[in-house]
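A look at the structure
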Protein chains: 4
Amino acid sequence: MISNTSNNSTAIVLMHCPDQKGIVARVTKFLSDNNGNIIYLEQHVDNQAKEFFMRIEWDLEHFSIPQEKIADYFNTLIASHYGMTWNIYFSNQVPRMALFVSKMSHCLFDMLARYQAGEWNVHIPFIISNHPDMEPVAKQFGIEFHLFPVDAKNKQDVEAQEIKLLKDNNINFVVLARYMQVLSENFIEQFPNKIINIHHSFLPAFPGAKPYHSAYERGVKIIGATSHYVTTDLDAGPIIAQDVAHISHTDTIKNLIRIGQDLEKIVLSRAVYAHLQRKILVYKNRTIIFN
Amino acid sequence: MISNTSNNSTAIVLMHCPDQKGIVARVTKFLSDNNGNIIYLEQHVDNQAKEFFMRIEWDLEHFSIPQEKIADYFNTLIASHYGMTWNIYFSNQVPRMALFVSKMSHCLFDMLARYQAGEWNVHIPFIISNHPDMEPVAKQFGIEFHLFPVDAKNKQDVEAQEIKLLKDNNINFVVLARYMQVLSENFIEQFPNKIINIHHSFLPAFPGAKPYHSAYERGVKIIGATSHYVTTDLDAGPIIAQDVAHISHTDTIKNLIRIGQDLEKIVLSRAVYAHLQRKILVYKNRTIIFN
Amino acid sequence: MISNTSNNSTAIVLMHCPDQKGIVARVTKFLSDNNGNIIYLEQHVDNQAKEFFMRIEWDLEHFSIPQEKIADYFNTLIASHYGMTWNIYFSNQVPRMALFVSKMSHCLFDMLARYQAGEWNVHIPFIISNHPDMEPVAKQFGIEFHLFPVDAKNKQDVEAQEIKLLKDNNINFVVLARYMQVLSENFIEQFPNKIINIHHSFLPAFPGAKPYHSAYERGVKIIGATSHYVTTDLDAGPIIAQDVAHISHTDTIKNLIRIGQDLEKIVLSRAVYAHLQRKILVYKNRTIIFN
Amino acid sequence: MISNTSNNSTAIVLMHCPDQKGIVARVTKFLSDNNGNIIYLEQHVDNQAKEFFMRIEWDLEHFSIPQEKIADYFNTLIASHYGMTWNIYFSNQVPRMALFVSKMSHCLFDMLARYQAGEWNVHIPFIISNHPDMEPVAKQFGIEFHLFPVDAKNKQDVEAQEIKLLKDNNINFVVLARYMQVLSENFIEQFPNKIINIHHSFLPAFPGAKPYHSAYERGVKIIGATSHYVTTDLDAGPIIAQDVAHISHTDTIKNLIRIGQDLEKIVLSRAVYAHLQRKILVYKNRTIIFN
C-alpha cells in the first residue's frame with residue numbers, strides 16, 4: 001500500500017459478505033494489479049454472525065480501469081465471487097442532502113455553519129419544514145426553504161410531494177434536524193439507511209416524546225443524544241453515534257434541554273460526517289463505523 | 001462561617017421541608033449562637049416541588065450543646081418549626097456496612113482495597129453470599145464470610161436469617177456488589193434507602209438480566225453502569241451515580257463485560273463514598289447529592 | 001427561603017471576604033427582613049486560603065429597598081462589615097458583549113446562533129476583526145462589523161481605537177472567538193476578568209501557537225480546549241471551562257483540528273453562559289463557578 | 001479471512017516499515033497459502049511519516065509451518081523484502097511481568113485483583129519495592145515481595161541487583177505502579193518499551209513531582225492520568241493511555257488525589273492490558289494502539 005495525501009479523486013468500496021478465506025488478499029491484489037494505490041483499508045469480522053466487513057479506498061489517478069467501469073469489473077471479478085453486498089462511491093461525486101426541520105434552530109445552525117465553512121463535502125439544495133419558523137435561517141444561508149404544513153388528514157399527500165421533491169432533485173440522503181413529525185412507513189422504505197435522525201436521549205432509554213422530562217422524572221445523573229438511521233420501528237433504527245453529559249440534582253428540565261441541545265447538535269453532525277465519509281455499514285440493525 | 005480543617009468531631013444534618021422563608025438564617029443563627037463553627041453548608045431548592053433541602057456540617061469542639069442532646073434541641077428549636085424530615089450523623093460514629101456478593105470479584109476487590117487502605121470511614125464486619133466463590137477473597141482481607149445458598153423454596157427462611165444477622169450486628173447499610181439475587185419486598189422495606197446496588201447498564205435502559213447482551217444486540221455506542229438505592233420496584237430505585245464508556249462495533253460482548261466491570265466498580269464505590277459522607281438525600285425517588 | 005420561578009427582576013450579588021462567623025446568617029437576615037425572597041444561594045469556603053465566597057440571588061418584586069439604592073445599603077449594612085469584595089447585578093440590565101474574531105467561523109457561528117435563538121440574555125452590538133473573512137457572517141446575522149487590520153507598527157493605535165469603540169458603546173465584556181492576536185498589557189488591564197478567550201488545548205499543556213501540531217507530535221491520546229479570562233500572562237489566566245475528546249493514532253493533525261473545533265465552540269459558549277449568568281468569581285487566578 | 005472464536009493457539013505479528021505497494025496482499029497471501037486463518041488484521045498508514053503499520057493474528061491449528069519455524073520463514077519471505085521492523089508473539093507463551101511499587105496500594109490492588117480473577121493472561125512472579133509498606137498486600141495475594149531500599153548512594157548497586165533479578169526470572173516487562181523512584185538511564189535502556197509507568201496528570205501538563213498540587217494551584221477544571229512507556233526523558237515517553245475527570249472549585253487537593261487515584265488505576269490497567277494483548281507499536285515516541 002502507498003500512502004496518499006494528495007487531493008486526487010478516490011474510489012471507496014463498502015462491502016460485507018459471509019466470512020471466507022482470502023478476501024483481503026484477493027481485493028488488495030485486484031487493486032495492486034491495476035495500479036490502484038490503497039489509501040485506506042479497514043476490515044472487521046463479526047465472529048458471532050460470521051460476517052466479514054471492509055472499507056477500502058484507493059487513488060484513481062493511475063488506476064488502469066476507467067471510473068465508469070470500476071463497478072462492473074469489481075462486481076464480476078470480486079463481489080460475485082464472495083456473495084458480497086456492496087456499494088461504491090467516488091470522491092468526485094458530491095452527495096446531495098436534504099434537511100428536515102420544525103421549530104428548533106440549534107442542529108440546523110450547526111450544520112449550515114459547517115456547510116458554509118466548507119467543512120463538509122456535500123450539497124444542500126433545500127430545507128423542508130412543517131413550520132415556517134426556520135425560514136429566516138434558511139434565507140440567511142441562502143438555501144431554498146419549502147414549507148409543508150402537516151396534519152393527520154394531509155399527511156399522505158404531503159409526504160408524496162416531499163418524496164417527489166427529493167427524487168426530482170436527486171437527493172441522496174435526508175437529515176432530520178429535530179423534525180417533530182413521524183415519517184410514514186412508505187416514506188421510510190424509499191430511503192433505507194438514508195434518513196438520519198437525532199433523538200434527544202441515550203437510546204434505548206426514553207424513546208418517544210419528551211425525553212428530557214422523563215429523564216428529570218427518573219432522576220438520572222446523565223443525559224444523552226443518539227443519532228440513528230430511521231427505520232419503521234420508532235427510535236429503534238441502527239445507532240450511528242451517541243454521547244452523554246453528566247447532570248446533577250441542581251439541573252432543572254430547562255437546564256437539561258439547554259445542555260442536551262449541545263449534545264444533539266454535535267452528535268448529529270458527527271453522524272452526518274461519518275455518513276458523508278462513507279464510513280458506515282449497516283448490518284442487522286447495527287452499524288459498523290470505520291475509523 | 002469559619003472554615004475548619006482540623007480533625008475534630010463534627011455533626012452533620014441532612015434535612016428537607018416545604019420551602020419557606022428564613023430557614024437558612026434560622027439554622028445558621030442557631031449554630032452560631034451556640035458556638036458551632038460551620039464547616040460546610042449546601043442548600044438546594046426544588047422549584048418544581050417547592051421543597052427545600054440542606055446539608056450542614058459543624059465542628060463540635062466548642063459547640064455548647066452536648067452531643068447526645070443535639071438531636072433533641074435541633075428537633076424542638078428548628079425541625080418541628082418547619083416540618084422538616086431530617087437526620088443527624090456524627091463523624092465519631094463509624095457506620096457499619098455489610099457486603100452481599102455472588103460470584104464476581106471486581107466490585108468486591110475494589111471496595112475491600114479501599115477499606116484496607118483506610119480510604120473509607122466504615123466498618124465491614126462481614127460478607128454475605130449465596131455462592132462460596134468469594135470466600136477466599138474474604139479470607140484474604142480477614143473478613144467474616146457467611147454463605148447462604150438461596151433457592152426458590154428456602155428464600156424466605158434465608159432472608160430471615162440474613163436480616164437477623166444484619167440487625168444483631170447493628171448494620172447501618174447494605175451494599176450489593178453484583179449480588180445476583182432479587183431481594184424480597186419484606187427485606188427491602190426493612191432497609192429503606194439503605195441498600196445500595198450496582199446495575200450494569202445506564203438505567204433506565206436495559207433493566208433486568210443480561211444488559212451487556214442487550215446492549216450488544218441493540219448496537220449502542222455507549223455502555224454504562226448505575227448505582228441506586230434498592231426499592232421494591234426492580235432497578236427503578238433512586239439513582240446515586242452513573243457513568244458510561246464509549247464502545248465500537250469492534251467490541252464483542254466479552255469486551256463489553258470487561259470494559260463495563262471497570263465502570264461498575266468505580267460507580268459503585270463512588271456511590272458508597274457519597275453515602276458514607278452523608279451527602280445523599282432521597283426525595284420522591286430522586287437523589288440530591290451534595291458536593 | 002422561598003423558591004421562585006417567576007420572571008420577576010432579580011438582584012445577584014457575588015462576594016468574597018476572609019472567612020468569618022455569621023456571614024450567611026447576616027446576609028440572609030438582611031434579605032428576609034426586607035422582604036427579599038431568596039431564589040438561589042450558594043456559598044463556598046476555601047479552607048486553604050480561609051476565604052469565604054457566596055452568590056446570592058433574590059426576587060426584587062416585594063423587596064422593600066428600591067433597586068437604585070440596594071448597592072449602597074448592601075455596602076453599608078453588610079459588605080463593609082466583613083471587608084467584602086463584591087459586585088451586584090440586576091437581571092433587568094442586559095450585559096453588552098463584543099466579539100473579536102480573525103478568520104475562523106466555528107466559535108462565531110456557535111455564539112451567533114445562540115444569540116439569534118434567544119438562548120442568551122445579552123446584546124452584541126458589534127464584531128471586531130483583524131481580517132475581513134468573517135464580515136459576511138456578521139452581515140448574515142445583522143451585526144455591525146469593524147475591521148481593524150493589525151501589524152506590529154500600528155498595534156498601539158489600533159488598540160486605542162478598539163478600546164474607544166468598546167467604551168463608547170458601554171461594552172461590559174469581550175469574547176475572543178479564536179482571535180489570533182495577542183492583546184497588549186494596556187488593553188488587558190482595562191478589562192480585568194472581562195475578556196474571555198478560548199485556547200485550543202487542555203491548558204497548561206500546549207500554550208501558545210499550534211497546539212494541535214504539538215499534541216500530534218507528543219502523541220497524546222486526548223485533546224482539549226480551555227476557556228479562560230485573559231491576563232497579561234499569556235494563556236495563564238483563570239480557567240473557566242475545559243473539556244477533552246479522546247483521539248487515536250489514526251487521527252491526523254487535520255482530524256485533531258476538526259474534532260477540536262467542536263470542543264472549542266462548546267467550551268467557549270459554556271464559559272460565556274456562566275459569565276452571563278453571573279456565576280463566576282475570580283480569586284488568586286482561580287475561578288469559583290457556582291452551580 | 002475466516003473468523004475464529006475457538007481457543008486455539010494463535011500467532012501475532014506486529015510490524016512496521018516504509019509504506020510500499022502490496023504489503024497487505026503479500027502477507028495475507030503468505031498466510032492463506034499456508035492454511036493460516038486470519039483472526040484479526042488491522043493496518044495503519046502514517047501519511048506524514050510514510051510508514052506502514054500492521055497487526056495480524058492467525059490461528060495456528062491448521063497452519064502448515066511449525067510454530068518454532070514461523071519467525072524464520074516470515075523473516076525470509078516477507079519481512080526482509082520490505083525492510084520491516086517486526087516482532088512475533090504466540091498466545092501459548094504467557095508473558096512474565098514484574099511490579100514495582102512504593103507506598104500506595106490502589107494500582108497494585110487493581111492489578112492483583114485482575115490477576116487473581118484470571119482477567120489477564122500473564123505471570124507475576126514477584127513485586128519489587130523500595131519500601132516495606134506493600135509487603136502485606138503481596139502476601140495476601142501470595143506473591144513474592146523483594147524489598148530494595150534505595151538512596152542516592154546505593155542506587156547503582158540496587159538497580160544492578162534488580163536487573164539481575166528481572167533477567168534471572170525471564171521477566172518480559174515491568175510495570176511501575178506508582179513507584180516513586182526515577183530509574184537510571186542504564187536501567188531504562190535495558191528494557192526499551194518494556195517499562196510501563198503511570199503518571200498522575202494529563203501529560204504533557206504537570207510532569208514531575210506533585211502534579212495534583214500543581215493542578216490545584218493552576219485552577220484547572222479537569223485532572224488526568226497518563227500511562228506511558230518509560231524513556232530516559234522523564235515523563236516524556238510514548239503515551240499508551242490517558243483519561244480525565246472533571247473537577248470543580250469545591251475540590252480540595254485531598255479530593256483531587258482521591259478522584260485521581262481512580263483514574264490512575266484504570267488507565268494503568270488499560271495500558272497493561274493493551275500491552276498484554278500485543279496491541280501496541282511504538283514509532284518515533286508515539287504509539288499505535290490497535291483496536
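Residues numbered from 1 in each chain as written. Chains lettered and ligands numbered in written order. Predicted model: local features only at pLDDT ≥ 70, side-chain atom pairs only at ≥ 80, totals over all residues. Heavy atoms only, no water.

Description of helix α3 (residues 106–116) of chain B
Because each turn of an α-helix spans 3.6 residues, side chains separated by three or four positions in sequence point in the same direction. Residues and elements named next belong to chain B. Selection rule: Under the scheme applied here, a residue whose accessible area is under 20% of the maximum for its type counts as buried, over 50% as exposed, and between as partly exposed, the area being computed with a 1.4 Å probe on protein chains only. Labels follow the DSSP assignment, with helices taken as runs of H or I lasting at least four residues and strands as runs of E lasting at least two, numbered in each case from the N terminus.
In terms of burial, α3 is a largely internal element, nine of the eleven residues being buried. Inspection of α3 places His106, Cys107, Leu108, Phe109, Asp110, Met111, Leu112, Ala113 and Arg114 among the buried residues, and these make up the whole buried set. Gly118 sits one or two residues past α3 and shows a positive phi near 75 degrees.

Regarding the relation of the copies chain D and chain C
Spelled out, the test is: Least-squares superposition of the copies uses the C-alpha atoms of those residues scoring a pLDDT of at least 70 in each of them. The contact criterion used is simple: two residues touch if any of their non-hydrogen atoms lie within 4.5 Å.
After a rotation of 180 degrees and a shift along the axis of 0.0 Å, chain D superposes on chain C with an RMSD of 0.0 Å. The relationship between the two copies is best expressed as a two-fold rotation axis. Residue D:Ala205, judged by its C-alpha, is the member of chain D lying nearest the rotation axis, at 2.3 Å. Looking at chain D, 100% of its interface residues are interface residues in chain C too, so the copies touch through the same face.

Observations concerning the interface of chain A and chain B
How we decide: Computed with a 1.4 Å rolling probe, the buried area is the accessible surface lost when two parts are put together, summed over both parts. Think of a polar contact as two N or O atoms within 3.5 Å of one another; within protein, one of them needs to be a possible hydrogen donor and the other a possible acceptor, and neighboring residues in sequence only count if both atoms come from side chains. Charged means Asp, Glu, Lys or Arg here, nonpolar means Ala, Val, Leu, Ile, Met, Phe, Trp, Tyr, Cys or Pro, and polar covers whatever is left, Gly included.
Contacts between the two partners involve 34 residues from chain A, matched on the other side by 34 residues from chain B. Buried surface at the junction of chain A and chain B, both sides included, amounts to about 2,900 Å², of which 53% is carbon and sulfur. Per-residue buried area on chain A facing chain B is highest for A:Arg218, A:His249 and A:Arg286; these three make up 26% of the total on that side. Applying the counting criterion to the chain A and chain B interface returns 20 residue pairs in polar contact (both at pLDDT 80 or more). Of the residues forming the side of chain A that touches chain B, the biggest block, seven residues, is contributed by strand β11 (residues 239–246) of chain A. Classifying every residue of the side of chain A that touches chain B gives 17 nonpolar, ten polar and seven charged.

Points about the pattern of salt bridges
Residue and element names in this part refer to chain B. For clarity, the cut-off: Counted as salt bridges are all cases of a side-chain nitrogen of Lys or Arg within 4 Å of a carboxyl oxygen of Asp or Glu.
Following the criterion strictly, the structure yields 40 salt bridges over all chains and no others. With a closest N to O distance of 2.7 Å, Arg178 and Glu264 form a salt bridge. Within this pair, whereas Arg178 is found in the loop between β8 (173–176) and α6 (185–189), its partner Glu264 is found in helix α8 (residues 253–276), the two being separated by 86 residues in sequence. Judged by relative accessible area, which is 6%, Arg178 ranks as buried. A salt bridge links Asp262 to Lys265; the nearest nitrogen and oxygen atoms lie 3.8 Å apart. Remark: Lys265 and Asp262 occur in helix α8; sequence separation between them is three residues, near one turn of the helix. Looking at Lys265, the relative accessible area reads 6%, which means it is buried.

Overview of the sheet that holds strand β2 (residues 38–46) of chain B
Residues and elements named next belong to chain B. The criterion, for reference: Whether two strands pair comes down to DSSP finding at least two bridges between them. Fitted lines through C-alpha atoms serve as axes, helices being fitted only where they are in contact, and the angles separating the N-to-C directions of these axes extend from 0 to 180 degrees.
One open sheet accounts for four strands, arranged β2-β3-β1-β4; its pairing is antiparallel. Edge strands, defined here as strands with exactly one partner in the open sheet, are β2 and β4 (85–90). In this sheet, adjacent strand axes meet at a mean angle of 10 degrees when their direction is disregarded. Examined bridge by bridge, β2 and strand β3 (residues 51–59) share eight bridges and lie antiparallel to one another. When the bridges of β3 are listed, Asp46 appears paired with Glu51. Contacting β1 (10–18), β2 and β3, helix α1 (residues 23–33) crosses the sheet at an angle of about 15 degrees to β3. Packed onto the sheet, helix α2 (residues 67–82) meets β1, β3 and β4 and runs at close to 160 degrees relative to β4.

Examining the packing of aromatic side chains
Which entries qualify depends on this criterion: For Phe, Tyr and Trp, rings pair up if their centres lie within 6.5 Å, where Trp contributes its six-membered ring, and each pair is then called stacked (planes under 30 degrees apart), edge-to-face (over 60) or tilted (otherwise). Whether a charge sits over a ring depends on NZ of Lys or CZ of Arg being within 6 Å of the ring centre and within 35 degrees of the ring normal.
Applying the stated rule across the entire model yields 47 aromatic pairs over all chains. Here the aromatic rings of C:Phe30 and C:Phe63 are separated by 6.4 Å at their centres, their planes lie at 80 degrees, and the arrangement is edge-to-face. Of this pair, C:Phe30 sits in helix α1 (residues 23–33) while C:Phe63 sits in the loop between β3 (51–59) and α2 (67–82); the two residues are 33 residues apart in sequence, bridging distant segments of the chain. Classification of C:Phe63 by relative accessible area gives buried; the value is 7%. Taken together, A:Phe30, A:Trp58, A:Phe63, A:Phe74 and A:Trp86 form an aromatic cluster joined through their ring pairs. A:Lys167 extends its terminal NZ or CZ atom over the ring of A:Phe191, reaching a point 5.6 Å from the ring centre.

Overview of the pairing of strand β13 (residues 286–289) of chain C
Residues and elements named next belong to chain C. When strand β12 (residues 280–283) meets β13, the two strands line up antiparallel, connected through four bridges. The residue of β13 that forms the bridge with Leu281 is Ile288. Counted along the chain from β12 to the antiparallel partner β13, the turn is two residues long, and its residue Lys284 has a positive phi close to 50 degrees.

What about the interface of chain D and chain C?
In this complex, chain D contributes 34 residues to the contact, which on the side of chain C involves 34 residues. For the pair chain D and chain C, the summed buried surface comes to about 2,900 Å²; carbon and sulfur atoms form 54% of the total. Sorting the residues of chain D by area buried against chain C places D:Arg218, D:His249 and D:Arg286 first, and these three jointly supply 26% of that buried surface. Across the contact surface, chain D and chain C share 20 residue pairs in polar contact (both at pLDDT 80 or more). If you list the elements that add at least two residues to the side of chain D that touches chain C, you get β2 (38–46), α7 (211–218), β11 (239–246) and β13 (286–289) of chain D.

Let's talk about the pairing of β3(C)
Residues and elements named next belong to chain C. Summarising burial for β3: nine of the nine residues are buried, a large majority. Burial of the side chains of β3 extends over both faces: Glu51, Phe53, Arg55, Glu57 and Asp59 are buried on one face and Phe52, Met54, Ile56 and Trp58 on the other. As defined by bridge partners, strand β1 (residues 10–18) adjoins β3 across nine bridges and the pair is classed as antiparallel. Looking at the pairing, Ala11 lines up with Trp58 of β3. Hairpin remark: strand β2 (residues 38–46) followed by β3, antiparallel, with four residues in the connecting loop; positive phi at Lys50, about 55 degrees.

As for helix α5 (residues 155–168) of chain A
Note the cut-off: Given a helix with a known number of residues, its expected span is that number minus one, times 1.5 Å.
In a regular helix each residue adds 1.5 Å, so 14 residues correspond to 20 Å; α5(A) covers 20 Å between its end C-alpha atoms and thus fits that length. Looking at the buried residues of α5(A), the elements they touch are β5 (97–101), β6 (126–129), β7 (144–147), β8 (173–176) and α6 (185–189) of chain A.

Quick notes on the domain arrangement of chain A
Residue and element names in this part refer to chain A. To keep it simple, the criterion reads: The domain boundaries here were taken from an automatic or database domain assignment.
We note that the domain assignment places domain 1 (2–90) and domain 2 (97–289) within chain A. Each of domain 1 and domain 2 has a C-alpha centre, and the two are 31 Å apart. In this complex, domain 1 contributes 13 residues to the contact, which on the side of domain 2 involves nine residues. Taken together, both faces of the contact between domain 1 and domain 2 bury some 920 Å²; the carbon and sulfur share is 69%. The interface formed by domain 1 and domain 2 holds zero salt bridges in total. Our enumeration of links across domain 1 and domain 2 arrives at three residue pairs in polar contact (both at pLDDT 80 or more). The set of elements that each furnish at least two residues to the side of domain 1 that touches domain 2 consists of β1 (10–18), β2 (38–46) and β3 (51–59).

Some details on the packing of helix α1 (residues 23–33) of chain D against helix α2 (residues 67–82) of chain D
Residues and elements named next belong to chain D. How we decide: What sets the label is the angle itself: under 35 degrees gives roughly parallel, over 145 gives roughly antiparallel, 65 to 115 gives roughly perpendicular, and the rest give oblique.
For the pair α1 and α2, the least separation of the axes is 11 Å and the interaxial angle reads 180 degrees. Classed by the angle they form, the pair α1 and α2 counts as roughly antiparallel. In this structure, α1 contributes Ile23, Arg26, Val27 and Phe30 to the contact, and α2 contributes Phe74, Leu77, Ile78, His81 and Tyr82. Taken together, the residues of the contact of α1 with α2 break down into seven nonpolar, one polar and one charged.

Quick word on the relation of the copies chain A and chain B
Mapping chain A onto chain B is achieved by rotating through 180 degrees and translating by 0.0 Å along the same axis, at an RMSD of 0.0 Å. Here 100% of the interface residues in chain A have copies in chain B that are interface residues too; the copies meet face to matching face.

Quick word on the sheet that holds strand β6 (residues 126–129) of chain D
Residue and element names in this part refer to chain D. Across the sheet, which stays open at both edges, the seven strands sit in the order β7-β6-β5-β8-β9-β10-β11 with mixed pairing between neighbours. Edge positions in the sheet fall to β7 (144–147) and β11, since each has one partner strand and no second. Across the sheet, the axes of successive neighbouring strands diverge by a mean angle of 20 degrees, strand direction being ignored. Pairing of strand β5 (residues 97–101) with strand β8 (residues 173–176) involves four bridges; the strand directions are parallel. Bridged to Met97 within β8 is Phe173.

Details of unusual backbone geometry
Here C:Leu203 and C:Pro204 are connected by a cis peptide whose omega angle stands at 10 degrees. Relative to the helices and strands, C:Pro204 resides in the loop between β9 (195–199) and α7 (211–218). Within the chain, A:Lys50 stands out as a residue other than glycine whose phi angle is a positive 55 degrees. Tracing the backbone shows A:Lys50 in the loop between β2 and β3.

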